[in-house]
Structures are given as structure tokens and as C-alpha cells.
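Secondary and tertiary structure notes
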Amino acid sequence: MVDSHQRVMEDGGQVHSSTLLEETFYVTSKKNTYYKVRLTEKGLSLEKDNNGATKVETIVLNDIIGCRCMRSKRKSAGSCVCGPGTSKSQFKLVESMEAYQCYDEFDTSAYLYIYAYTLKKARMKGAKRRERTTITLRFRSFDKYEDNLREASRWRLAIKCLIVGVPVPKSFMSPSHENLESLISACPGEQRKMLVLLNPKSGPGRGRETFQKRIHPILSEAERPYEVHITKCANYAREFVRTRDIYQWSGLVMVGGDGIVFEVLNGLFQRPDWEKALRELPLGVIPCGSGNGLAKSIAYAKQEPYDSNPLLVSALAVVKFKSTQMDLVRVETRNQILFSFLSIGWGLLADIDIESERLRAIGGQRFTVWTIARLIGLRTYKGKVSYLPCDKVSSSESLSNGKAYKEYVSEVQISHSRSCGDDLDRYSKVSESKSFHDALDGDAAVLDGSFDGYEDNEIISESITLETETERRQRLDSFYSATSARSTYFSTGSISSYHSIDQPDNGEVDTDNVSQLMYGPSSRLPALTSEVPSSWTQIQGEFVMVHAAFQSHLGQDYFFAPRAKLADGIIWLVIVKAGITRANLLQFLLGLSNGTHLTRSGIEIIPVKAFRLEPEEGAHGYITVDGEKVDYGPLQAEIFPSLASVMSP
């Protein structure tokens, strides 16, 4: 026995919800052992009974991202069906709706693959992480493949409905409903593709490779169609969303750093229909850049273990397609109006952000290197800071270091026997079933990679041979098997499309003449050239930095505003005046990784609704909005609560 699976238990392993589908299976290799597999509105329940001793494990619905019907693929010509040299790697599964000539006529089974990403404790330090689990239900109760596919399709229809939150058509769940075509066509799904805008130069410059190896398989499992467009130059994404018919897509997914999010967001505000665009098109982000503050903030808000696998957590947020409201900040300078989703900076952190661009090739480490340089050559800036304080901020929220991830209930393991990897007995109607799902259509290029820290040569396939006890009709056998995160992905044809740099778009994007006309909500503040109202607080003097954040994280390791929420209607303004000791400043910078920086002497954090920066005339420096350099001069900003929506877990 090999214990390699753990799944999140719920309510002590019991699923207190009405059962939609249920099947009882026997393990043919073990006496007095059977499984009751139930599908409920809360997830998939697997109850094992061994000589009266029961053990239940549950895969909660929120962890399931998709399911797919498969069929055995015919072996290559010239191979011996029953030869002793046959290896399990020769067995493939293909989509159930592919060309019939690909099918193995000897195997009439229908395979239902259920893809889930469950929370598990890491081996070290007790941290949580998401791990891929594949549940395989093999239906071969009948002599005809179409009859087995009907049974598998019934389960697939119910799971698909539960995932997207639509009512399960109860009439289809009855065994008396035998129309296979209607079962297949009843599965819900978004027909429109998602628009994926990918910056190939973000971070260390491996955006395209990362998307193909790490993100595409998850989108494929969830059957989320997409259309990829590669950005070709600066402001390409901005002009793309400004000029295209974006409503042909179901959502906007950005693969890159915070820079491409900034481009897309401001491109939307250059559309006259910006309100409709923000309302109907949620924004998703896959972190491939150096900062990735928004991706980390979304995961932190939903208590997802982002640090263990940022790409996986963010990809799951995209495929689940749940929307969460997010605040935006309107920014006005002397020459332009912008909209910000992350932060506005003046001084130390802005200098580090802009000046470290020359070290972009080393990824996120560039910030650490340049922080040391700026700490040695510390600068100060003269000017004035004015702000409108928030009326009231809840004092119950602590400035903790973010270790508030939800503790899940205890997990249990169910032992499974390893698959021998032998040939299927093609001539006996009742035989021990084997698990053959380590194939990716033989694509060595796809197999040459790793996922979630596991190499593909570590694949472990496990199976249990089960036989139903139902006597109402003649059945042969079925089995349930589960595989760990070491399982590979299935490469299947899809309607998703990929536009590379070398391929012309349907209509070129002109980035040479970027329109500066901005729409969006009107400002409620005095003009930038006017005096601020008396209700505002003003601070004049010399500053090391002034930094405003509206998300909890400015980067994966920058836990800047611990109390910030995605939609709390608050700008968190951090002010560091000149005169702070280098020792305190160093402790402040070191504390950014866990949120303890705000406890240092000389650091002030103020919740505000709006603020204005007025650097001294004639001086030089940097002011950044979401990490992008803007005019150095007067700037004012105000928050607009819940103006946009983002895809979240």
C-alpha cells in the first residue's frame, strides 16, 4: 500500500447535502471492501468500507476545476495486443468526441477524469499548498461504448453544473434518461474565449514559455477557451483594449507583471464605454513579472497559499472565474490623468523601482540589490504632503504579518494499491482494471518540464479495481482511481488560439500615436492648482519617502499595507520624514517582507481618502504610479471604491 493522497475533510468527512449521483463499487482485488462514491452539492464523497470499518474523504466542490470524458486510444500499428513487452506508456486516452478511427475497439470503457487542486500541508513548516489530484472514474458496465459514455456524461453534466453554480437538471440524472446527445449538449460552458495579453519580456523574459508549460494545462483541464495576443512594444496592450471589440471575449487575462495590468486598466479608461467594460469584463492576472503585487494581494485577500506556487494559485483564480470588487485610484498630474490599482510613490521606494530597471534580467532580486545602493546613498526630498483623513477605520484589524491563512479541518488518507502497469485483458469481460494516464499524446516536448516542484519522471499512477453491486441490470465492472500531483497533463485539441509576434493581428495596433483622452469618473477634489480645503491635513518639510498603497502587497515580498483590502475604500499613506536613522530605515526595509516595518520609529501610516504631493519646484526625482514613472511635480489622487472587478479564487 502506498499512502500518497490527502484531501480536505469537511464536517468530519460527511457531506451534509442532498446526493445527486451515487454508485457503490467493490475492489475486486480485496474481499469485503467497497466504496460508496457520492456526488453532492458540496463535492465528491468517497466512503470506503473494509470489513465494517469505514473511512470517508471528500473533495470539496471549490477545489474541482473541471472534468472531461476520455476514451482509450488505439495502439500504434504493429504492436502486439497481448505481447509481454507491452508497456503502459503505449496506452493513451483521447477526447471522447474525437475521430472514431483513433479509438481502441477492444476497450468500450468511458473514462471520466475529474481535475481538482486540493489544499495540503507542506512537508516543512506546516504551510499550506495546492496540489493537483486527478480522480478517474472508469465506466464499463455495458458492452457498448455509447452506453458507458452515457453514464460518464451524466456525472460530467452534474459536476459541470455545480462548478459554474447553475441548477443541475434533475431529469438528466435519472437512468431512464438515455439520450446521450442531450446529456453532452446540456453541459454548461462559456462560449466566448478569454483574451490573454502576454508580455514576453516581463520579469526574466520567459512569459511565453511559462504560459505554455504552466498555465495552458490548467486552462485546458477547466475547458476555458482563450485567445493569446503577444505584446510587441510598450503601450501595445493599452492600445489593444482601447481600440478592439473587447466584448467578444469573456474576460481580460494579463500574463506579466504589474506593468501590463497598468496598461490594460488605463486602456479601458480611454474608452467611452469604460463603465460597461469594467462591469462586464473581469480582470485576471498571471504573475510573470518582477513585482506581481496585485496577484499576491488577490491571493492574500482570499487566504490562498500564493508563495508555495504563485502561477498555480493565480491560474486557478482565472479558471474559477469568480469576480471580486477592487478599488481604483484616480491620479491627476499637470499633464495627464491616470488610474491606479496598486500604489503611488515618491522618494526611496520610487527611486528603487525606477533605477533598478537596468537590472531587470535578474528578476525580483533587482529590488534587493538597488535597495542596498539607495540606503548607502540616502536621498531626501523637500515638499508638501496634504491628505483627507478617513472618517473612521476599524480598530479590530491588527497589523499582523499576514499569517492568517484559514486553518482547514484535519485531513485523512486512503491507501491505494499501485498499478502494475500491465496490459488490459482485452478478452475477459471481468478483469482487474489498470490505470493508464501517464500519456500526453507522446509529446516529449511537453513532458520535458516540471510542475509544482515535481519532475515528470516521478509520475506515480495508482488504481483500485472496483465492481458494482447493482443487480438491476447487467454490469461488467468499473473502477475509481486517484493520482497525485505527479500526474502529467492530457494534451487535447481545443478552440483556443495563439497569436505570436511573427503573426499579424487582425488589424495592427498603432502605438506611435497613443491617445491621451481619458474618461472615467469625474474628480470630486479641488483643481490641482487650487488650495486644498481646510479639512485636509498638511505636512511640509523634508521627506525620505511618501508612498501610498491600496493593496496589501506591492510585490510578492512587499507586505506594505497589512490592513488593506481589495475594496475597503482606503488609501494607506506611509510617510517617512528626513532625520530617520539608517538603522531604523534598514529595519523598515527588512520588515517589508512580513509587515513589521510599520512598528519602526519614524514611520507613520495614515488611512486617507485622497492626498496631494507637491515636490519643491526645480528639484529632480521620481514619482511612480503602479511602478510606472510619471511627471515629477504636483500630483493628487482620490479613491473610487469597487470600481473594477478581478478574477479571484
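In short, a report on the structure. Keep in mind that what you see is a predicted model, and the values were worked out from it rather than measured.

1. A few points about the overall build of the chain
Helix and strand counts for the chain stand at 13 helices and 29 strands. Burial statistics for the chain: of 649 residues in total, 56% are counted as buried. Of the roughly 27,000 Å² of accessible surface on the chain, a fraction of 48% belongs to carbon and sulfur atoms.

2. Comments concerning the pattern of salt bridges
For the structure on display, the rule yields 20 salt bridges. Here Glu-131 ties to Lys-120 by a salt bridge, and the two come within 3.1 Å at their closest N and O atoms. In this pair, Glu-131 is assigned in strand E9 (residues 128-140) and Lys-120 in strand E8 (residues 110-121), connecting sequence segments 11 residues apart. Each of the two residues, Glu-131 as well as Lys-120, counts as buried.

3. Quick look at the nonpolar core
Judged by nonpolar contacts, the single largest core of 89 residues is most densely connected at Ile-344, Phe-560 and Phe-611. With seven residues, the top contributor of residues to this core is strand E24 (residues 537-549). Contact partners of Phe-611, with chain neighbours within four places excluded, come to Ile-344, Ser-386, Tyr-387, Trp-536, Ala-548, Ile-571, Leu-573, Leu-635, Gln-636 and Ala-637. One finds Leu-44, Cys-69, Tyr-145 and Cys-161 within the second-largest nonpolar core, a separate group that totals 34 residues.

4. Considering the packing of helix H4 (residues 207-221) against helix H9 (residues 310-320)
The interhelical angle for the contact between H4 and H9, taken along N-to-C directions, is 40 degrees, at an axis separation of 9 Å. As the angle between them shows, H4 and H9 are arranged oblique. Taken as a pair, H4 and H9 cross one another with a handedness that is right-handed. Residues Thr-210, Arg-214, Ile-215, Ile-218 and Leu-219 of H4 touch H9, and the partners they reach there are Leu-311, Leu-312, Ala-315, Leu-316, Val-318 and Val-319. Of the residues that constitute the contact of H4 with H9, the class distribution is nine nonpolar, one polar and one charged.

5. Observations concerning the packing of aromatic side chains
For the structure on display, the rule yields nine aromatic pairs. With a centroid separation of 3.8 Å and 10 degrees between ring planes, the pair formed by Phe-269 and Phe-339 is classed as stacked. With Phe-269 in the loop between helix H6 (258-268) and helix H7 (274-280) and Phe-339 in strand E15 (residues 337-340), the pair connects residues that are 70 residues apart, well separated along the chain. Through pairs of rings, three or more aromatic residues link up here, namely Tyr-236, Phe-240 and Trp-249. Cation over ring: Arg-71 sits above Tyr-145, and NZ or CZ is 3.9 Å from the ring centre. The positively charged end of Arg-524 is found above the aromatic ring belonging to Phe-640, 4.2 Å away from the centroid.

6. A few points about the pairing of strand E25 (residues 571-577)
Counting buried residues in E25 gives six out of seven residues, a clear majority hidden from the surface. As paired strands, E24 and E25 are joined by six bridges and run antiparallel to one another. Bridge pairing in E25 links Phe-543 to Lys-577. Where E25 and strand E26 (residues 603-615) come together, six bridges link them in antiparallel fashion. The residue of E26 that forms the bridge with Leu-573 is Ile-606.

7. Quick word on the environment of Pro-649
Note that Pro-649 resides in the segment after strand E29 (635-648). Given a relative accessible area of 16%, Pro-649 falls into the buried group. C-alpha of Pro-649 to C-alpha of Val-313: the two residues are 336 residues apart in sequence and 7.8 Å apart in space. Aside from chain neighbours lying at most four places away, what touches Pro-649 is Ile-298, Lys-302, Glu-304, Ala-317, Lys-320 and Lys-322.

8. Overview of H6
Across the 11 residues that make up H6, a large majority, 10, are buried. By the burial criterion, the buried members of H6 are Asp-258, Ile-260, Val-261, Phe-262, Glu-263, Val-264, Leu-265, Asn-266, Gly-267 and Leu-268.

9. A look at the packing of helix H5 (residues 236-243) against H6
Each pair of packed helices can be summarised by the angle the axes make with each other and by the distance between the axes. At their nearest, the axes of H5 and H6 sit 7 Å apart, and the two run at 30 degrees to each other. Accordingly, the angle class assigned to the pair H5 and H6 is roughly parallel. H5 and H6 meet at a crossing whose hand is right-handed. Every residue of H6 that contacts H5 at Tyr-236, Ala-237, Arg-238, Val-241 and Arg-242 is listed here: Ile-260, Glu-263, Val-264, Asn-266, Gly-267 and Leu-268.

10. Let's talk about the side chain of Arg-130
Locating Arg-130 in the fold gives a position in strand E9. At a separation of 2.6 Å, a polar atom in the side chain of Arg-130 contacts the side chain of Asp-63. Within polar-contact distance, the side chain of Arg-130 engages the side chain of Glu-304 at 2.8 Å.

11. Observations concerning the state of the cysteines
Taken as a whole and judged by the stated rule, the model has zero disulfides. No disulfide involves Cys-67; its nearest neighbouring cysteine sulfur is the one of Cys-187, lying 6.9 Å away. A residue is classified by how much of its surface remains accessible, and Cys-67, at 0% relative accessible area, is buried. Its sulfur unpaired, Cys-69 is 7.1 Å from the next cysteine sulfur, which belongs to Cys-67.

12. Focus on the pairing of strand E12 (residues 252-256)
Within a regular strand, side chains alternate between the sheet's two faces. In terms of burial, E12 is a largely internal element, five of the five residues being buried. Burial along E12 is two-sided: the face carrying Leu-252, Met-254 and Gly-256 and the face carrying Val-253 and Val-255 are both buried. Pairing analysis gives four bridges linking strand E10 (residues 194-198) to E12, with the strands arranged parallel. Bridging from a neighbouring strand, Leu-198 pairs with Val-255 of E12. Here five bridges tie E12 to strand E13 (residues 283-287), and the two strands are oriented parallel to one another. Across the sheet, residue Val-255 finds its bridge partner in E13, namely Ile-286.

13. Remarks on the environment of Ile-218
Tracing the backbone shows Ile-218 in helix H4. Taking relative accessible area as the criterion, Ile-218 reaches 1% and is therefore assigned buried. C-alpha of Ile-218 to C-alpha of Leu-312: the two residues are 94 residues apart in sequence and 8.3 Å apart in space.

14. Here we look at H9
Across the 11 residues of H9, 11 count as buried, placing the element largely inside the fold. Pro-310, Leu-311, Leu-312, Val-313, Ser-314, Ala-315, Leu-316, Ala-317, Val-318, Val-319 and Lys-320 are the residues of H9 that are buried. Looking one or two residues past H9, Phe-321 carries a phi angle of roughly 60 degrees, positive in sign.

Criteria and thresholds
Residues numbered from 1 in each chain as written. Predicted model: local features only at pLDDT ≥ 70, side-chain atom pairs only at ≥ 80, totals over all residues. Heavy atoms only, no water. Helix = DSSP H or I, 4+ residues; strand = E, 2+ residues; numbered from the N terminus. Buried < 20%, exposed > 50% of the residue type's maximum accessible area, 1.4 Å probe, protein only. Areas by Shrake-Rupley, 256 points an atom, 1.4 Å probe, with all protein chains shown as cover. Salt bridge = Lys/Arg side-chain N within 4 Å of Asp/Glu carboxyl O. Core = buried A, V, L, I, M, F, W, Y, C linked by side-chain atoms within 4.5 Å. Contact = heavy atoms within 4.5 Å. Axes fitted to C-alpha atoms, helices over the stretch in contact; angles between N-to-C directions. Parallel < 35°, antiparallel > 145°, perpendicular 65-115°, else oblique. Left-handed = near helix turned anticlockwise from the far one by under 90°. Nonpolar A, V, L, I, M, F, W, Y, C, P; charged D, E, K, R; others polar. Phe/Tyr/Trp six-rings, centres within 6.5 Å; stacked < 30°, edge-to-face > 60°. Lys NZ or Arg CZ within 6 Å of the ring centre and 35° of its normal. Pairing = 2+ DSSP bridges. Polar contact = N/O pair within 3.5 Å; in protein donor to acceptor, adjacent residues only side chain to side chain. Disulfide = S-S within 2.5 Å.

On their own, these measurements won't tell you what the molecule is for.
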